[in-house]
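Structural features, examined
Given next are the chains, with one letter for each unit.
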Amino acid sequence: MTVAETYSALVARESGDGVVLAAEERNESDLPAGELTIAVHYSSVNFKDALAVSPRGGVVREYPIVPGIDLAGEVVASEHPGFVAGDLVLAHGYEIGVSRDGGFAEFTRVPADWAVKLTALSPREAATIGTAGFTAALSVAALLDNGVTPESGPVLVTGATGGVGSVSVDLLAGLGFEVVASTGKSDAHSLLRELGAARVIGRLPEDPDAKPRPLGRSEWAAAVDCVGGATLAYVLSTMRYDGVVAASGLTGGPGLNTTVLPFILRGVRLVGIDSVQLGIERRREVWARLQTDLRPKHLQLVTNEVAARDVSDVLATIKKGGVTGRTVVQIQGGF
């Protein structure tokens, strides 16, 4: 495959007080700078992509832009000795889809230092895992690196039906952990059990209007928190002694109303998880594990596929919290 003189892309443009996403035909001269020209086979839908097409979403620096923070496909031209035409690669994070054109286009360019070679995953599988699955793998790795083992006790996953949460349940269960999945979606309990959750509970805290307690009953040896806000405050207050919390989300809000008591009385450790600016060497290490020992076992259970032409509908749904699991986007042939 070679780069086409023209290609299709979904372009977000400001219009009045809103942002409009529509398919456009673009020229090769519109491609961003970078050593690798990539024919994008698949992208995926993330909450950040929904913010990119929302007025005052807070993630896009300047419009117009091609959203899509994940992309996976084939190198069609390389100006870097580490890559050749025909290599299958993925790229995500950094500036992709927020300050430079992203994955909702048939072609794009990225710096070689942002790309990861695919050896055991197809572009579709890589895009399905995407930023969300990568964040889940970072979260699980953080627990392991901090000494958490299956013998430590139950591990809580909040926001368990989301992209990060569902893959976290899958990964932790595959490693032999007793996983307790927390979700507000009652119709997703059977899915979470299929992913390996030993127990499924409702959204935390149970009473969102209750005043948070500095310390609650010790319950969790570790937690993957994908929600933030009042949920994270509750999780911290209910950790067991020496517990570890990997936090990556803020769908419950960026605020954190807590005290120092979980940290100084129970030795709780709060580990922040960032998948955007993480250095490429660590990024490649984690992706190597996602293609081997940390490869999700039940991706097919949490994956929906849509064509690029139908992405707008999914973005509208994900903003309302109506999407479960991962949505992969067919780019080639999807316009």
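In this report, we go over the structure that sits alongside the text. Owing to the predicted nature of the structure, the values given are computational and were not obtained by experimental measurement.

In this structure, Leu-143, Val-169, Leu-172, Leu-192, Trp-287, Val-311 and Val-329 are the most contacted members of the largest nonpolar core, which totals 95 residues. Among the elements that make up this core, the one with the highest residue count is helix α2 (residues 123–145) (11 residues). Leu-143 has contacts with Val-148, Val-155, Leu-172, Ala-222, Ala-223, Val-224, Val-244 and Ala-246, leaving out every residue within four places of it along the chain. Membership of the second largest hydrophobic core comes to 13 residues, among which are Val-235, Leu-236, Met-239 and Val-245.

Pro-64 follows Tyr-63 through a cis peptide bond whose omega is 0 degrees. Along the chain, Pro-64 falls in the loop between α1 (47–52) and β4 (70–78). Cis geometry marks the peptide bond from Leu-204 to Pro-205; its omega dihedral reads -5 degrees. Residue position: Pro-205 is located in the loop between β10 (199–201) and β11 (220–225).

Here we come to the packing of α2 against helix α3 (residues 163–174). Interaxial distance between α2 and α3 falls to 8 Å at its minimum, and their mutual angle equals 50 degrees. It follows that α2 is oblique to α3 by the angle criterion. Handedness of the α2/α3 crossing: right-handed. On the side of α2, the interface is formed by Ala-132, Gly-133, Thr-135, Ala-136, Ala-137, Val-140 and Leu-143, while α3 contributes Gly-163, Val-164, Val-167, Ser-168, Leu-171 and Leu-172.

Locating Asp-49 in the fold gives a position in helix α1. No salt bridge is formed by the buried Asp-49. Its closest oppositely charged neighbour is Arg-326, at 7.0 Å. Within the local environment of Asp-49, its side chain forms a polar contact with the backbone nitrogen of Gly-68, the two atoms lying 3.4 Å apart. The residues touching Asp-49, leaving out its near neighbours within four places in the chain, are Ser-44, Gly-68, Ile-69, Phe-104 and Leu-315.

A separate point is the packing of aromatic side chains. Think of a pair of aromatic rings as described by two things: how far the centres are apart, and how the planes are tilted against each other in angle. Scanning all chains against the criterion turns up 3 aromatic pairs. Considering the side-chain rings of Tyr-7 and Phe-107, the 6.2 Å spacing of their centres and the 75 degrees angle between planes classify their relative orientation as edge-to-face. With Tyr-7 in strand β1 (residues 6–15) and Phe-107 in strand β6 (residues 107–110), the pair connects residues that are 100 residues apart, well separated along the chain. With relative accessibility at 3%, the residue Tyr-7 sits in the buried group.

With parallel pairing, 6 strands are arranged side by side in an open sheet as β10-β9-β8-β11-β12-β13. Taken across any chain shown, the strands that pair with only one partner, and hence form the sheet edges, are β10 and β13 (269–272). Neighbour-to-neighbour, the strand axes of this sheet turn through a mean angle of 20 degrees, independent of strand direction. Relative to β13, strand β12 (residues 239–247) is paired through 4 bridges, and the arrangement is parallel. By the bridge assignment, Val-245 is partnered in β13 with Leu-270. On top of the sheet, α3 reaches β8 (155–157), β9 (179–182) and β11; it is set at about 160 degrees to β8, its chief contact. Of the strands in this sheet, β8, β11, β12 and β13 touch helix α5 (residues 229–237), which is tilted by about 155 degrees from β12.

As a further point, take a nonpolar patch on the surface. The grouping of Val-260, Ile-264 and Leu-265 at the surface amounts to a nonpolar patch, some 300 Å² of accessible area in total. Note that Val-260 resides in the loop between β12 and α6 (261–265).

Conventions and cut-offs
- The residue count restarts for each chain, going from 1 along the sequence in the order it is written.
- Restriction of local features to residues with pLDDT of at least 70 applies here, the model being predicted, together with a cutoff of 80 or more for giving and counting side-chain atom pairs; totals for whole chains, interfaces and linings are based on all residues.
- Note that the side-chain values use all heavy atoms of the structure and ignore hydrogens as well as water.
- Here, the term nonpolar core denotes a set of buried Ala, Val, Leu, Ile, Met, Phe, Trp, Tyr and Cys residues that are joined through side-chain atoms within 4.5 Å.
- For every residue, the accessible area (1.4 Å probe, protein chains only) is compared with the maximum for its type, and the residue is labelled buried under 20%, exposed over 50%, or partly exposed between those bounds.
- Secondary structure elements follow DSSP: runs of H or I of four or more residues count as helices, runs of E of two or more count as strands, with numbering from the N terminus.
- The contact criterion used throughout is that any non-hydrogen atoms of two residues lie within 4.5 Å.
- Axis definition: a line fitted to C-alpha atoms, limited for helices to the stretch in contact. Angles are taken between N-to-C directions and run from 0 to 180 degrees.
- Angle categories: roughly parallel below 35 degrees, roughly antiparallel above 145, roughly perpendicular from 65 to 115, and oblique for all the rest.
- Left-handed is the label given to a crossing in which the near helix is rotated counterclockwise from the far helix by less than a right angle, and right-handed is the label when the rotation is clockwise.
- Neither His nor the chain termini are counted; the positive set is Lys and Arg, and the negative set is Asp and Glu.
- The salt bridge criterion pairs a side-chain nitrogen of Lys or Arg with a carboxyl oxygen of Asp or Glu, the two atoms within 4 Å.
- Two N or O atoms form a polar contact when they lie within 3.5 Å of each other; inside protein one atom must be a possible hydrogen donor and the other a possible acceptor, and for residues adjacent in sequence the pair counts only when both atoms belong to side chains.
- Each Phe, Tyr or Trp ring, with Trp reduced to its six-membered ring, pairs with another whose centre is within 6.5 Å; inter-plane angles below 30 degrees give stacked pairs, above 60 give edge-to-face pairs, and intermediate values give tilted ones.
- When DSSP finds two or more bridges between two strands, those strands count as paired.
- Only residues whose relative accessible area exceeds 30% and that take part in no salt bridge are eligible for patches, with like-charged residues grouped when within 9 Å of each other and nonpolar side chains (Val, Leu, Ile, Met, Phe, Trp, Tyr) grouped when within 5 Å.
- Note on areas: Shrake-Rupley, 1.4 Å probe, and residue coverage restricted to the protein chains presented here.

Geometric descriptors of this kind do not, in isolation, establish any biological role.
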